[in-house]
Structure formats: structure tokens, C-alpha cells
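A structural walkthrough
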Amino acid sequence: MAMRGLFKRKVTSLILQTRRDSQSGASSSSIANEEEGLKGPQVVYENTYQLAPKDSQKFPTKKAEDIMKNVFLTHLLDSKYNSDTCKNLTTQITETVKTQVKAELGNNNRFKVVVLVMIGANFGQGARVASRCLWYPQYDRFAQYEYHNESLFAVGIVYGVYYE
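A short tour of the structure in this document, coming up.

**Focus on the overall build of the protein chain**
Secondary structure summary: the protein chain contains 4 helices and 3 strands in total. Put simply, the protein chain runs from its N terminus to its C terminus through helices and strands in the order α-α-α-α-β-β-β. When contacts within the protein chain are restricted to residue pairs at least 6 apart in sequence, long-range pairs at least 24 apart make up 73% of them. On the protein chain, roughly 12500 Å² of surface is accessible, and the fraction owed to carbon and sulfur atoms is 53%.

Dropping the structure here:
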């Protein structure tokens, strides 16, 4: 019985609040936006229907290779393989390469940048790294770089996949 009375009071207070808001000209969506910290109307983007990159917006594979080479040399030049440190080093190198490649592309790019970095112990064994991707070869590109020293090897791949 007490629950029914509580529910009835809540519904009544909501109805009264809605009436007050409608009389003051405020809508429930604007109240929700103010509660979430959003101010002003939301921006709605329309499609550009641009299906191909402009000639000046091709993915810079050579620059991506140079970026990977510089990052690999700065992080791995005198490094010894340790599974614990290489785990953190892999994520650090991946994020560094991704941010530098995105900075090279600029703000108005339509490329999704995917970076893969693998670091392993170098005991003289062979290793093959393969990845597969569904893409449009006319617009999508990739760059790769390999690094070796006495105790470790590293392979980095940067994919630049164009999306509409």
C-alpha cells in the first residue's frame, strides 16, 4: 500500500513538472541537454558522397615508413628482449607511430589508420608475419618496416584504409 502511494506521488510530481516546463517554454529535450552539459543545438553532419580521395590526399606510404624507422630506432636501438618490457614498448611504439602518421595526414583526411607492431625474441629462428584485410587497392595503402638486433626483432605495419 505504501509503494502504491509513493508511485502515485512520483507520477503526479512528474506531470506537474512537465506542465511547468511546457508553460515556461522549455522542452524535455533541452532540459536533458542541460543536464548532460551540452549547450546549443547539436551539429548534424551530412554525407559528402565523396567516394575517392583527391590526388593531394593519397596515403603517404614513404613518409609512414620513415616515421616507423625513426620510432623503431629511437625506442629499440640498444634494447634487449624482455617479455615484460616489450609488452609496454609495443603499445608505446604503436601509439607513437599512429599519432605521427595522423599528424602527417592532417585534419581533413578520410583514412582510417591501423598500426600493428610485433616484437619478439631473436634466437635465430624464422618468423613469418601475415595479415589479411579486405580493401580497395586503388585507394588503400600500407607501409611496413622491420628492425633486428642481437636479442629482438620488430615488425611494424601501418594500414591507411580510405573510408567514405
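**Details of the layout of surface pockets**
Left-over empty space is what a probe sized like a water molecule reveals as it rolls over the atoms. The volume enclosed by the largest pocket comes to roughly 210 Å³. Forming the boundary of the largest pocket are 13 residues, of which Ala127, Glu146, His148, Phe153 and Val155 lie nearest the centre. Looking at the lining of the largest pocket, its residues break down into 6 nonpolar, 5 polar and 2 charged.

**A closer look at the packing of helix α3 (residues 61-76) against helix α4 (residues 83-105)**
Where α3 meets α4, the closest approach of the two axes is 10 Å, and the angle between their N-to-C directions is 145 degrees. As for the relative orientation of α3 and α4, their crossing is right-handed in sense. Two secondary-structure elements touch here, α3 through Lys63, Ala64, Ile67, Met68, Val71, Phe72, His75 and Leu76 and α4 through Leu89, Gln92, Ile93, Thr96, Val97, Gln100, Val101 and Glu104. A class-by-class count of the residues in the contact of α3 with α4 yields 10 nonpolar, 4 polar and 2 charged.

**Looking at the side chain of Thr94**
Assignment of secondary structure puts Thr94 in helix α4. Note on Thr94: relative accessible area 16%, which makes it buried. Excluding residues within four positions of it along the chain, Thr94 makes contact with Val115 and Val117.

Calculation criteria
- Every chain begins its residue count from 1, and numbering advances along the sequence as written.
- The predicted origin of the model limits local features to residues at a pLDDT of at least 70 and limits the giving and counting of side-chain atom pairs to 80 or more, whereas totals for whole chains, interfaces and linings rest on all residues.
- Side-chain figures throughout are based on the complete set of non-hydrogen atoms in the structure, without hydrogens or water.
- The helix count covers DSSP runs of H or I at least four residues long, the strand count covers runs of E at least two residues long, and both are numbered beginning at the N terminus.
- Any two residues having at least one pair of non-hydrogen atoms within 4.5 Å are treated as being in contact.
- In these tables, accessible area is a Shrake-Rupley quantity obtained with a 1.4 Å probe, and a residue counts as shielded only by the protein chains included in the view.
- Only protein atoms enter the 1 Å grid, on which a cavity is a set of points fitting a 1.4 Å probe that cannot get out and a pocket is an open set with protein on both sides within 12 Å along at least 5 of 7 lines, lining residues being those with an atom within 4 Å of a point.
- Grid points are joined across faces, edges and corners, and a volume is the space filled by probe spheres set on the points.
- Residue polarity follows a fixed list, in which Ala, Val, Leu, Ile, Met, Phe, Trp, Tyr, Cys and Pro are nonpolar, Asp, Glu, Lys and Arg are charged, and the others, Gly among them, are polar.
- As a rule, the C-alpha atoms of each element are fitted with a line to give its axis, helices using only the stretch in contact, and angles between N-to-C directions run from 0 to 180 degrees.
- By the definition used in this description, the sense in which the near helix is turned from the far one sets the handedness, with an anticlockwise turn below a right angle giving left-handed and a clockwise turn giving right-handed.
- Buried, partly exposed and exposed residues are distinguished by accessible area as a fraction of the type maximum, computed with a 1.4 Å probe on protein chains only: under 20%, between the cut-offs, and over 50%, respectively.

Shape is all these values report; function is a separate question.
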